[in-house]
Each structure stands twice: as C-alpha cells, then as structure tokens.
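Chain residues, written in single-letter form:
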Amino acid sequence: MTQAKGYDVQTLSGFVEQLFEKSGADAEVARVVTRVLLEGELLGHRTHGLNLVSRYIGGMQSGEVKAKAQLLEQVSDSGISSLFDGHYVLGPYCVSRALDSAAKGASEQGIGIAVVRRASHIGCLAAYLKPFTDRGLVAMVYSSDPSVGIVSAHGGIDPIYTPNPIAAGIPTRGEPILLDVSMSTVTLAMVGQCRDTGTRLPHPVVMSNEGQVSDDPSDFFTTPPGSILPLGGEAFGHKGFALALLVEALTSGLAGHGRKDGPDQWGASATAVVIDPRFFGGLEAFTEESSFLSKLILASRPIDPQRPVRLPGQAGLKLRAQALEQGLNLTPKVLDELNRTARQLQLPELP
C-alpha cells in the first residue's frame, strides 16, 4: 500500500501560495486562502483541506471563481454590523475578511456580526476559529448555499437546502473548544466517499426519490436525486430541520440574496459573529467557566473505557500539534493533484 508522505508545514504553505499566485490570485488572497485550507488539513478535515486547491484553481481558470481582493465589496458597515458581497471571490478570503470585521466590532463594542453573500466555496468552518479563540474571543460561523438543495425537510422527500453547518470556537484556559456541525445527518462528501469506495453509509441517512430511507449512497445519486436526512434522522429530524431554517435566515436571509433569487452558480452565504467576553462577565470568569465544564466532561465515565470522552475539536487539535512538530502527511491522491496543478502552471513539484 502506498503510504502518505509527510511535509514541513511552512514548505507546504509556500508551495500552495505559489500555485494560487501563479493562477492569478493577489498575494493577500493567496496567503489567506492557503492558510485556511492548510488549517483544515491540519485539523484532520481532509475533505475540506488541501484537496480543494486544484478545485479552486480550476474555478479560477474557468472564470467562475475570482481571486482579486478589490472585487470583495463591503456593502455596508455600522461598526458592529457589516455586509459583504463576494462577487464569487475565493470563499476563504471572503469569510476571513468578514470575521476580521466582526472581531473589530467585538473588540470595540463587545459583539460584531458580518454577513457575506456570493462567496465561492468557503472550505472547513472550523479552520477559521483558532486565531480568534487565541485572542480570547468567541467566534461563530454559519453557512448555507442558496444555489444547492441536497437535504430534505423533516417529513419530506425532496432535497431543499444544504447541510447548513454551524461552527464555533470557545476559548478556555487551555486548548479551545472547536465545534463544526452540519444540520444534516451526514455531509455530501461522506455520501460521495461511500459511493466511490463501494461501501454502505454507517446508518440509513439518505432518502430515495421515492421516499425510502436507505444506507445505500446510490439512492442519493439518482435522477431525480434523492436527499440527505436532516440532523436527527427519521426520529428526531425536526430538530435539525428547525436549526437549518435558522441558519438559512442568519445567512441568505440577512445577506439579502438567497433561494428566491434562483442563483445558478455555487455561491455561499455566510455569517460571522464574534463576541468579546471582556464586555460581559469578563474573560477570566468566562475561561474559568469553560475550563471547569471541560474538566467535568473529560472526567466523566466513558461507556467504552477504550474511548474516553473528549471535547469537540480535541482530536483535531492533537493532529494539528503532531503535524506542526513532525510534518503533515499528504495522501498520494492529494499529492498527485497538487503536483499535477504545479506542472500545468510550470512550477516545481513537491518531491
């Protein structure tokens, strides 16, 4: 079996930045997008990490995706709230700018919120959070895509909306709590992976176009298509469905651009909210509480002694620390895709 190969993180960062710049991205955009995709990879989100580099560059080459910083339009700014129109600029750059804007509002007034419409694909939401928790800020990101429908309403058959993830970073006195949860039972990436490997899904979480719940990924990829069940599945899907509607309201609703507009190109709606605990009960009290709760959770008796209870993001942060110290392992497939892109751009390949 071909083994994954490890690379120094700084080497990878410079290599990927160069790919984006050679493809026409501004240096600032290339740097920010590389950082977000690399962070997703470091945290173990391999479906939303460096495997997206070639896809993003392909979108740039086709003209569907933009990579110039000046094309990201700030439509409004009150100091606390702001609205950006991405005009299909690389999504990680759009969301990073929105988070920076929200963080500025939080640092000055206690809370800030920024909404983005028409960003291209935004990658892994958890990858945006740690720079803000490191500053003692609570950061939240919500996302939807009004051009896509793959998740059914609870009790319905037809695909209506996207998995609509919610991510949040919560500072503690140690490593932050990082959560990134879709409002669907599984992601489209998992359904696609199971189809490609010829395996069944872990649970019956897709709905065929005839209304049958199934664990067969092929029941999703039909004409007309099947759908993914909302978070909670058949029994408790009303909860995930309700939360998905909240995400739609906080993203496309606040953005003023959504499904009613009939967009025909992938374009994320995203909302960033940042809170500074210093304006409330204080950062010391906040982290004392979050750390105390974390200790209670980690000390709780596990059902399986071989699988201790852990906090959201704990496993990813451990992978991140190992990769920063020992090098980041790239799978042969990702390495091949990166080097194929480098050859197309007439740049040196990774060894």
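Residues numbered from 1 in each chain as written. Predicted model: local features only at pLDDT ≥ 70, side-chain atom pairs only at ≥ 80, totals over all residues. Heavy atoms only, no water.

### Notes on the environment of G105
Argument step 1. Following the sequence through the fold, G105 ends up in helix 4 (residues 91-109).
Argument step 2. Apart from the residues lying within four places of it in its own chain, the contact partners of G105 are G79, G110, I111 and G112. (Helix = DSSP H or I, 4+ residues; strand = E, 2+ residues; numbered from the N terminus. Contact = heavy atoms within 4.5 Å.)

### Observations concerning the domain arrangement of the chain
Argument step 1. Taken domain by domain, the chain comprises domain 1 (1-71 + 313-350) and domain 2 (84-185 + 229-312).
Argument step 2. Here the C-alpha centre of domain 2 lies 23 Å away from the C-alpha centre of domain 1.
Argument step 3. Each partner contributes to the interface: domain 1 provides 28 residues, whereas domain 2 provides 27 residues.
Argument step 4. The largest per-residue losses of area from domain 1 upon contact with domain 2 belong to V36, Q314 and L317, which jointly make up 23% of the total buried on that side.
Argument step 5. One can count zero salt bridges joining domain 1 with domain 2.
Argument step 6. Counting the contacts that link domain 1 with domain 2 gives 10 residue pairs in polar contact (both at pLDDT 80 or more). (Domains from an automatic or database assignment. Buried area = accessible area lost by both parts, 1.4 Å probe. Salt bridge = Lys/Arg side-chain N within 4 Å of Asp/Glu carboxyl O. Polar contact = N/O pair within 3.5 Å; in protein donor to acceptor, adjacent residues only side chain to side chain.)

### A look at the packing of helix 1 (residues 9-22) against helix 3 (residues 53-62)
Argument step 1. Close contact between helix 1 and helix 3 brings their axes to 10 Å; oriented N to C, the two are set at 15 degrees. By the angle class used here, helix 1 and helix 3 are roughly parallel. Two packed elements cross with a definite hand, and for helix 1 against helix 3 that hand is right-handed. Of helix 3, the residues touching helix 1 (which contributes V16, L19 and F20) are V53, Y56, I57 and M60.
Argument step 2. Looking at the contact of helix 1 with helix 3 residue by residue, the class counts come to seven nonpolar, no polar and no charged. (Axes fitted to C-alpha atoms, helices over the stretch in contact; angles between N-to-C directions. Parallel < 35°, antiparallel > 145°, perpendicular 65-115°, else oblique. Left-handed = near helix turned anticlockwise from the far one by under 90°. Nonpolar A, V, L, I, M, F, W, Y, C, P; charged D, E, K, R; others polar.)

### Considering the nonpolar core
Argument step 1. Core analysis: the biggest nonpolar cluster contains 69 residues, and F20, L50 and L330 have the highest contact counts within it.
Argument step 2. Counting the residues that make up this core, at least three belong to each of domain 1 (1-71 + 313-350) and domain 2 (84-185 + 229-312).
Argument step 3. Excluding anything up to four places from it in sequence, L50 contacts L12, V16, L37, L38, E41, L328, L330, V334 and L338.
Argument step 4. Core analysis: the second largest hydrophobic core is formed by 20 residues, I166, A168, A244 and V273 among them. (Core = buried A, V, L, I, M, F, W, Y, C linked by side-chain atoms within 4.5 Å. Buried < 20%, exposed > 50% of the residue type's maximum accessible area, 1.4 Å probe, protein only.)

### Some words on the pairing of strand 13 (residues 268-275)
Argument step 1. Of all the eight residues making up strand 13, seven are buried; the element is thus mostly covered by neighbouring parts of the structure.
Argument step 2. Of the pairings in the sheet, the one linking strand 4 (residues 111-119) to strand 13 comprises seven bridges and is antiparallel in character. The residue bridging I113 from the neighbouring strand is V273, located in strand 13.
Argument step 3. Judged from the seven bridges that link them, strand 5 (residues 138-144) and strand 13 form a sheet pairing that is antiparallel. Directly across from S143, in strand 13, lies its bridge partner A270. (Pairing = 2+ DSSP bridges.)

### Quick notes on the pattern of salt bridges
Argument step 1. Taken as a whole, this structure holds 14 salt bridges when the rule is applied.
Argument step 2. Residue K68 is joined to D26 by a salt bridge in which the shortest nitrogen-to-oxygen separation is 3.5 Å. Here K68 is found in the loop between helix 3 and strand 2 (73-77), whereas its partner D26 is found in the loop between helix 1 and helix 2 (27-42), with 42 residues between them in sequence.
Argument step 3. For R195, the salt bridge identified is with D196, shortest N-O distance 3.3 Å.
Argument step 4. On the accessibility criterion, D196 (60% relative accessible area) is exposed.
Argument step 5. Through salt bridges that share partners, D85, R117 and R118 make up one connected network.

### Quick look at the environment of G59
Argument step 1. Turning to its location among the elements, G59 is positioned in helix 3.
Argument step 2. When the C-alpha positions of G59 and R301 are compared, they lie 48 Å apart, and in sequence the two are 242 residues distant.
Argument step 3. When residues no more than four places from it in sequence are discounted, the contact partners of G59 are E64 and V65.

### Remarks on the packing of aromatic side chains
Argument step 1. The full count for this structure, using the stated rule, is two aromatic pairs.
Argument step 2. Between F220 and F221, the ring centres sit 4.9 Å apart and the planes meet at 85 degrees, which makes this aromatic pair edge-to-face.
Argument step 3. Given a relative accessible area of 33%, F221 falls into the partly exposed group.
Argument step 4. One Lys or Arg, R55, reaches over the ring of W266 and ends 5.6 Å from the middle of that ring.
Argument step 5. One cation-aromatic arrangement involves R195 over F221; the distance from NZ or CZ to the ring centre is 4.0 Å. (Phe/Tyr/Trp six-rings, centres within 6.5 Å; stacked < 30°, edge-to-face > 60°. Lys NZ or Arg CZ within 6 Å of the ring centre and 35° of its normal.)

### As for helix 9 (residues 314-326)
Structural remark: α-helix, 3.6 residues per turn; residues separated by three or four positions point the same way.
Argument step 1. For helix 9, built from 13 residues, the straight-helix expectation of 18 Å at 1.5 Å per residue is met to within 8% by its first-to-last C-alpha distance of 18 Å.
Argument step 2. Considered for burial, the residues of helix 9 that qualify are G316, L317, R320 and A323. The arc that holds every buried residue of helix 9, seen down its axis, measures 125 degrees, which confines them to one face. Away from its buried face, by an angle of more than 90 degrees, helix 9 presents the exposed residues K318, E325 and Q326.
Argument step 3. Contacts from the buried residues of helix 9 go to helix 1, helix 2, helix 5 (130-133), strand 9 (177-181) and strand 14 (328-330).
Argument step 4. Positive phi shows up at G327, right after helix 9, with a value of about 110 degrees. (Expected span 1.5 Å × (residues − 1). Arc of directions from axis to C-beta.)

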